[in-house]
Amino acid sequence: PYRLKSEGKMAGLVDFKTAFERHICLIEWPSKLGGQLLNATTPPRLEIQFEGSGPQAQGRKVILRAVNSPRWEAQLAQWRAAGRCEVAAEAPD
């Protein structure tokens, strides 16, 4: 299913626990998963937020944020040290 109208319906269709543990999952509308699958601390993840999209955008900005994930925190620290990304003063909500 490409688009589901009701929040939480995905929980019955996909084994997200296994998918999140073993694979890289790109989720366009994470709020549609419902709180039982996605909340402020679980699953551990790298969040990718795109800003500046649309016809009026002067440029694009990508914000990377590790959520409860030592793996991604270490990777972001390595990228920062190598000068590959900037450090945000405060993580977005």
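Residues numbered from 1 in each chain as written. Predicted model: local features only at pLDDT ≥ 70, side-chain atom pairs only at ≥ 80, totals over all residues. Heavy atoms only, no water.

### A few points about a nonpolar patch on the surface
Judged by side-chain polarity, Ile24, Leu26, Ile48, Phe50, Val62 and Leu64 come together as a nonpolar surface patch covering roughly 660 Å² of accessible area. Judged by relative accessible area, which is 62%, Phe50 ranks as exposed. (Patch = residues over 30% accessible without salt bridge, like charges linked within 9 Å, V, L, I, M, F, W, Y side chains within 5 Å. Areas by Shrake-Rupley, 256 points an atom, 1.4 Å probe, with all protein chains shown as cover. Salt bridge = Lys/Arg side-chain N within 4 Å of Asp/Glu carboxyl O. Buried < 20%, exposed > 50% of the residue type's maximum accessible area, 1.4 Å probe, protein only.)

### Looking at the layout of surface pockets
Quantified by volume, the largest pocket comes out at close to 1,000 Å³. Forming the boundary of the largest pocket are 31 residues, of which Cys25, Ile27, Arg45, Leu46 and Glu47 lie nearest the centre. Residue assignment for the lining of the largest pocket shows that the elements contributing at least two residues are helix H1 (16-22), strand S1 (45-51), strand S2 (61-67) and helix H2 (70-81). The element that contributes the greatest number of residues to the lining of the largest pocket is S1, accounting for 6 residues. Looking at side-chain class alone, the lining of the largest pocket contains 17 nonpolar, 5 polar and 9 charged residues. (1 Å grid on protein atoms, 1.4 Å probe; cavity = no way out; pocket = protein on both sides within 12 Å on 5 of 7 lines; lining within 4 Å. Points joined across faces, edges and corners; volume = space filled by probe spheres on them. Helix = DSSP H or I, 4+ residues; strand = E, 2+ residues; numbered from the N terminus. Nonpolar A, V, L, I, M, F, W, Y, C, P; charged D, E, K, R; others polar.)

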